[in-house]
Amino acid sequence: MTTSWLDEVTEQLIPTSLGLINVREGGRPDGPAMVCWPSLMMDGTMWRYQYEHFAPSHRMVLIDSPGHGRSDALRKIIDLRDCADALVEILDSLAIDKCVLMGNSWGGMLAGVFPAYHPERTAAAIGINCTASLPTMFESIWATALATYLSLHAKMPPLAARAARAAFAGPTAEATNPEFLKFTDFVLRDDPKSVAWALRSILIGRKDEHRRLATIRNIPVLIIAGEEDGQFPVHVVRKMADAIEGSTFRVLLHTGHLAARENPDAVNAEIDAFLSALPATV
């Protein structure tokens, strides 16, 4: 019988201001907490390879973001402040004082602003494939069209998988990583109406957060960009990192938008190097 990594985790629904949020937990119970918030169209299981890597040393918390996975459906506009406040409610429920917050895309944007809103709850933050900039005109047009299309469906249409593959996979993944390409079909499990609300909230409706990021002080922050990220190009991610005093910025070659899942070895190596320079309790 094959043992799944998910056999090691517990799962619970935690009440928050954004509804019931599904949380998986495992790893070392007495280790420092590492909380992982996924990309739009993904749930907490996208962090499989980070869980397997860091579970021996960290208490791992994998979140299904609002409207995704087993969390309650999303039926309203939310913003990153709402997500940050809901995350505090999750930390309180789990009796976590401070955490290392790690996020990809949506989660990376949250990892950027969370230390500004709640510095007392942040031991360190890691943002992957993320931005603090307003959406471009092209991004607004395609995301609005996709959100409108998805909102008309009760079940995720096949077109969503093609859209996710185009958004998540760069040329290297297209040419060399069939397992990752197949993984992007994960989006067919999503609630299309929830994804539509998330697109309107997190992509189309996002604000310029650079001034907020400039208020962060004395909190270690790592920002990682993918060289082949077609959603948030390197210069956009670098601008986000530059706004955070003392942040560390890294670029992963031959890597697209969902770096934590597409290129976990490189992502984990960068996180290891980042954490090794911090106090042993992080």
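Predicted model only: the values in this text are computed from it and were never measured.

Caption draft 1: Region of the structure containing the sheet that holds strand β8 (residues 248–252). With respect to topology, 8 strands assemble into an open sheet ordered β1-β2-β4-β3-β5-β6-β7-β8, the strand pairing being mixed. The strands lining the two open edges of the sheet, one partner per strand, are β1 (10–16) and β8. For this sheet, the mean inter-axis angle between neighbouring strands, taken without regard to orientation, is 20°. Note that strand β5 (residues 99–104) and strand β6 (residues 122–128) share 6 bridges and pair parallel. Bridging across to β6, V100 finds its partner in A124. Together, β7 (221–226) and β8 form the strand contacts of helix α10 (residues 234–242), whose direction differs from that of β7 by roughly 175°.

Caption draft 2: Region of the structure containing helix α4 (residues 137–151). Along its 15 residues, α4 runs 21 Å from first to last C-alpha, staying within 8% of the 21 Å computed at 1.5 Å per residue. Among the residues making up α4, those that are buried are E139, A143, L146, A147 and L150. Taken end-on, α4 shows its buried residues confined to a sector of 100°, consistent with a single buried face. Away from the buried face of α4 by more than 90 degrees, exposed residues M137, F138 and I141 are located. Taken together, the buried residues of α4 touch α5 (158–168) and α8 (192–204).

Caption draft 3: Quick look at the environment of L222. Inspection of the secondary structure puts L222 in strand β7. With relative accessibility at 1%, the residue L222 sits in the buried group. The spatial distance from the C-alpha of L222 to the C-alpha of I126 is 4.7 Å, given a sequence separation of 96 residues. Once you skip the residues sitting within four places of it in the chain, L222 turns out to touch A125, I126, G127, T248, R250, E270, I271 and F274.

Caption draft 4: Layout of α5. Regarding α5, the residues found buried are A160, A161, A164, A167 and F168. Summarising the axial view, the buried residues of α5 lie within an arc of 130°, below the 170-degree limit, and thus occupy one face. The outward face of α5, more than 90 degrees from its buried face, is lined by the exposed residues P158, R162 and A166. Summarising the contacts, the buried residues of α5 are in contact with α4, α7 (178–183) and α11 (259–262).

Quick notes on the rules
Residues numbered from 1 in each chain as written. Predicted model: local features only at pLDDT ≥ 70, side-chain atom pairs only at ≥ 80, totals over all residues. Heavy atoms only, no water. Pairing = 2+ DSSP bridges. Helix = DSSP H or I, 4+ residues; strand = E, 2+ residues; numbered from the N terminus. Axes fitted to C-alpha atoms, helices over the stretch in contact; angles between N-to-C directions. Contact = heavy atoms within 4.5 Å. Expected span 1.5 Å × (residues − 1). Buried < 20%, exposed > 50% of the residue type's maximum accessible area, 1.4 Å probe, protein only. Arc of directions from axis to C-beta.

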